[in-house]
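Understanding the architecture of this molecule
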Amino acid sequence: FWLRDSGYFKIQTVELAYTLPFRADSIVKNVKFSLRGANLFTFTKFPYVDPESMDAGVTEYPLFRSVAAGIKLNF
């Protein structure tokens, strides 16, 4: 009665980056744009619960999704 299928699929971390090159005689050598996400998706039969943590959603808060963006200039 207490056994449940606990299978899950999780997208933990994704990072995308793109570098724009410039000419050699330019002041700016290149510009890099980046986007990073953590804990983006979890596909499971139990909503709002982290399947990797037994206490998530019961005694702890569920995992939060976070996204960060960045720009890097090289002179």
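We now turn to the structure provided with this report. (Residues numbered from 1 in each chain as written. Predicted model: local features only at pLDDT ≥ 70, side-chain atom pairs only at ≥ 80, totals over all residues. Heavy atoms only, no water.)

A short note on the environment of Val-31
The test is simple: Numbering of helices and strands starts at the N terminus; helices are DSSP runs of H or I of at least 4 residues and strands are runs of E of at least 2. Contact between two residues is taken to exist if any of their heavy atoms lie within 4.5 Å; hydrogens are not considered.
One can find Val-31 in strand 2 (residues 30–44). For the pair Val-31 and Asn-74, spaced 43 residues apart in the sequence, the C-alpha separation amounts to 6.4 Å. Excluding its chain neighbours within four sequence positions, the residues that come into contact with Val-31 are Tyr-18, Thr-19, Leu-20, Phe-22, Ile-71, Lys-72 and Leu-73.

Let's talk about the sheet that holds strand 1 (residues 8–21)
As a reminder, the rule being used: When DSSP finds at least two bridges between two strands, those strands are taken to pair. Axis lines are fitted through C-alpha atoms, for helices just across the contact stretch, and the angle between N-to-C directions can take any value from 0 to 180 degrees.
Spatially, 1-2-3 is the arrangement adopted by the 3 strands of the open sheet, whose pairing is antiparallel. The two strands at the open ends of the sheet, each matched to only one other strand, are strand 1 and strand 3 (66–74). Ignoring strand direction, the axes of neighbouring strands in this sheet form an average angle of 10 degrees. In this sheet, strand 2 lies alongside strand 1 in antiparallel orientation, the contact comprising 13 bridges. Within strand 2, the residue paired with Glu-15 across the bridge is Arg-36.

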